[in-house]
Amino acid sequence: MALDDPHARPPEPPAAEGPPFEGDEVLPCGRLLSRVWEQTCDAAPAADPHTVSCPHCREAVEGLATVNAATGALRAEHAPGLHALADRVMNIVRAEVRLGRLLPLADPDRDLRIAESAAAKVLRQAADTVPGVRAAGCRLTPAGEGTDVRVAMTLAAALDRPLTDRVHQVRRSVLDSAGQILGLAVTAVDITVVDVLEPEPPLGRPGLPTGGGA
């Protein structure tokens, strides 16, 4: 159930032809990383509407273009086998995907940035401090040309209290951590509840003994 209307996810892309690289990864949009790599090498992204419109594929293409230039120099210098070269390239690309984009901190005097994966970990921990809530996923995207950032988070939540109250608590905790701990200028926190948790059992009923003494 969605309390906020998150950004619509792009349609599932068609399956890539041929077997993927060993250890292939899937981008947040569902596209295989190897498929994006093949399209970049074939100069085909412009012919694919998904790659043109998807921010995750565009970001991967930009990173792959840099890696492609570097591997061209490696090939000329060391002439490694094609299979070994592909493995080295994919290891670099997978590391970049795990790191995520670099987000600007709200410091007008210095150009400071934080990796999306590191910021998302802190914000998930902030959500988990709210009783009856467990954060599932967290994505951060730039909002505009400045330092503003938008957060999209998925949660599992218990239903023993009004869900709207619990979501408001999560949003406040995420905003506080983003500003006070990370120094991010978060302008919006879109929250979607994707699963239900069992309520935590009460610690004990008032007035009843909890010990085993006679």
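For the structure, check the block above.
Structural notes, computed from the coordinates.

Calculation notes
- Residues numbered from 1 in each chain as written.
- Predicted model: local features only at pLDDT ≥ 70, side-chain atom pairs only at ≥ 80, totals over all residues.
- Heavy atoms only, no water.
- Helix = DSSP H or I, 4+ residues; strand = E, 2+ residues; numbered from the N terminus.
- Expected span 1.5 Å × (residues − 1).
- Buried < 20%, exposed > 50% of the residue type's maximum accessible area, 1.4 Å probe, protein only.
- Arc of directions from axis to C-beta.
- Salt bridge = Lys/Arg side-chain N within 4 Å of Asp/Glu carboxyl O.

1. Some remarks on helix 6 (residues 163–182)
Helix length check: helix 6 (20 residues) gives 27 Å between terminal C-alpha atoms against 28 Å at 1.5 Å per residue, within 8%. For helix 6, the full list of buried residues reads Leu163, Arg166, Val167, Val170, Arg171, Ser173, Val174, Ser177, Ala178 and Leu182. In an axial view of helix 6, the angular spread of the buried residues amounts to 165°, which keeps them on one side of the axis. At the exit of helix 6 stands Gly183, carrying a positive phi of roughly 80°.

2. Here's the deal with helix 5 (residues 116–128)
For helix 5, spanning 13 residues, the distance from its first C-alpha to its last is 18 Å, which sits close to the expected 18 Å at 1.5 Å a residue. What helix 5 keeps buried is the set Glu116, Ala119, Ala120, Leu123, Ala126 and Ala127. Across the axial projection of helix 5, the buried residues extend over an arc of 120°, all falling on one side.

3. What to know about the pattern of salt bridges
Think of it this way: side chains of opposite charge can pair up when their charged atoms draw near. For the structure on display, the rule yields 4 salt bridges. Two residues, Glu116 and Arg139, come together in a salt bridge whose shortest N-O distance is 3.4 Å. Separated by 23 residues along the polypeptide, Glu116 in helix 5 and Arg139 in strand 3 (residues 133–142) bring together distant segments of the chain. Between Asp176 and Arg172 there is a salt bridge, and its shortest N-O distance comes to 3.6 Å. Taken as a pair, Asp176 and Arg172 lie in helix 6 at a separation of 4 residues, close to a single helical turn. Owing to a relative accessible area of 32%, Asp176 belongs among the partly exposed residues under this scheme.

That's the geometry; what it means functionally is another story.
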